[in-house]
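Commentary on secondary and tertiary structure
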Amino acid sequence: DTLQPGTTQTIKTANHDCQIEVRLNSEGWHDEDIDHFEFVSDYEVHGLRNHYHNFGLGVPLIAVRKSAEGTDAREEYYPRDLSFPVTAFMRVNLETTEHNHVQSAVLELHDPLNQPTVTVANRVVPLETDLSTPLAHTLSQPALDDTRLSTLGLLKPYKAEKEQGLYMLEPFQPGKVPVVMVHGLWSSPVTWMEMFNDLRSDPQIRKDYQFWFYLYPSGQPFWFSAAQMREDLARMRQKLDPQGTCPALDQTVLVGHSMGGLVSKLQTVDSGNEFWATLSDKPFTQLAADDELRDGLAQTFFFDPNPSVRRVITIGTPHRGSEFANDTTRWLGRKLIRVPTKLLQGQHQLIARNPDFFRADAPLDVTTSIDSLAPSSPLLPVLLTAHHGSWVKYNNIIGEIPNTGVVKLFSSGQGDGGVTLESAKVDNAE
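Report on the accompanying structure. (Residues numbered from 1 in each chain as written. Predicted model: local features only at pLDDT ≥ 70, side-chain atom pairs only at ≥ 80, totals over all residues. Heavy atoms only, no water.)

For the rest of this paragraph, the subject is the overall build of the protein chain. Along the protein chain, the regular secondary structure elements total 14 helices and 16 strands. With respect to the three principal axes, the spread of C-alpha positions in the protein chain is 95 × 55 × 40 Å. For the protein chain, the residues scored as buried account for 50% of the 430 residues in total. Taking contacts inside the protein chain between residues at least 6 apart in sequence as the whole, the part at least 24 apart equals 78%. As displayed, the protein chain offers around 21,300 Å² of accessible surface, 52% of which is attributable to carbon and sulfur atoms. For the protein chain, the separation between the mean place of its 37 positive charges and that of its 54 negative charges on side chains is 5 Å. (Helix = DSSP H or I, 4+ residues; strand = E, 2+ residues; numbered from the N terminus. Buried < 20%, exposed > 50% of the residue type's maximum accessible area, 1.4 Å probe, protein only. Contact = heavy atoms within 4.5 Å. Areas by Shrake-Rupley, 256 points an atom, 1.4 Å probe, with all protein chains shown as cover. Lys, Arg positive; Asp, Glu negative; His and termini not counted. Charge placed at Lys NZ, Arg CZ, Asp CG, Glu CD.)

As structure tokens, then:
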């Protein structure tokens, strides 16, 4: 607690007093962000395959962040109990004052993500850095329990709504391009931590990019999640860059795994009237519904491509549906996933107030994510052929494992075990 940045501490020794100024050198974090420090040497890293620890001068520390709700627009995007790396380096002033025998020193706390070196005697030397232990420390906190977040989002999506949204594990940096990682079914942002740990270790990557994570209730149909993400991205831009002065935000990259790839792709296409046509042949203006329900449908089925998203990377995404969503799993999904009462009431209201308005195969009864991923899902072919922003580029990563043994029992074709090669392929990817 005595190492608070912005303070000066006095240490008494047998021969003299030493005044130590504690100074934080960071582009994003501030003095008031620090709650306390812990030594990385007191912890073992679990949950991350690779440990990025470079040797040099100084002592790597874990800085445990202090939340300050309501003081900064960025605050709502930082998870609770966030930790981040710093390296402590003592710079001693060897000139001793003769009269009071006081020596002075500066304890510099460097952010190794932005400053991995320090100048000593006119020479640039590396700092000792540990990027992985503080990340593992963050992941060990109850607020980021992957099992809880994943299961809650799947089975009780209405309870996960308060956790939904964008998360940042580092300070918002206006000059860096955001890479937003979007998880898949029965998953959470913790899924991405191995990849994040590896990518962030590359100095060139972290110089140009900042990594964000999107959490959504994975138990609901993917088009509902896409509508919520659309709103969350727009709200983030308004809060963090209301004047539109951060050009890097207009180069945003979305990386979606599995169902998250569909959620991500829906941020970049023009709905036209094609998505609404999966529900009805009649004009939307003729729909009879309460204002709240009408607005929700409009946001879900009518939208423009996000002008700030420049690239979408899909990984193991069921662009044509997944055989995992078969009759058995869909039945189980309806039994296990607790659909919000409001959604069911809205469905009943629409049918009661609009007789003969909807198509016979309209996805009104699709209330779970598993149903929405079935190969027969009517929105999948529409998304596959939808017009996208001319500025958007797509990359597509497909997984394939040997179609033998246990995999062969549960899979009818080649693929990653959940998504076939045919379903995972798209024609417009680079």
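It is worth spelling out the layout of surface pockets at this point. Considering only enclosed or pocket space, the second largest pocket measures out at about 510 Å³ in volume. Forming the walls of the second largest pocket are 23 residues, and the residues nearest its centre are Leu185, Trp186, Ser258, Phe324 and Ile370. At the level of secondary structure, the elements contributing two or more residues to the lining of the second largest pocket comprise helix 2 (146-155) and helix 9 (327-336). Sort the elements by how many residues they give to the lining of the second largest pocket and helix 9 lands first, with four residues. Residues that form the lining of the second largest pocket fall into these classes: 12 nonpolar, 10 polar and one charged. (1 Å grid on protein atoms, 1.4 Å probe; cavity = no way out; pocket = protein on both sides within 12 Å on 5 of 7 lines; lining within 4 Å. Points joined across faces, edges and corners; volume = space filled by probe spheres on them. Nonpolar A, V, L, I, M, F, W, Y, C, P; charged D, E, K, R; others polar.)

What follows covers the pattern of salt bridges. Applying the stated criterion across every chain, the model contains 19 salt bridges. Among the ionic pairs, Asp72 bridges to Arg74, the shortest N-O distance being 2.7 Å. Asp72 sits in the partly exposed class, given a relative accessible area of 32%. The partner of Glu76 in a salt bridge is Arg235, and the shortest N-O contact between them spans 2.7 Å. Of this pair, Glu76 sits in the loop between strand 5 (59-65) and strand 6 (83-93) while Arg235 sits in helix 5 (residues 222-240); the two residues are 159 residues apart in sequence, bridging distant segments of the chain. The exposure class assigned to Glu76 is partly exposed, which follows from its relative accessible area of 38%. (Salt bridge = Lys/Arg side-chain N within 4 Å of Asp/Glu carboxyl O.)

Its location among the elements puts Val45 in the loop between strand 3 (34-39) and strand 4 (53-54). C-alpha separation for the pair Val45 and Ala360, spaced 315 residues apart in sequence, amounts to 55 Å. Not counting chain neighbours up to four residues away, the residues in contact with Val45 comprise His51, Ser132, Thr133 and Ala136.

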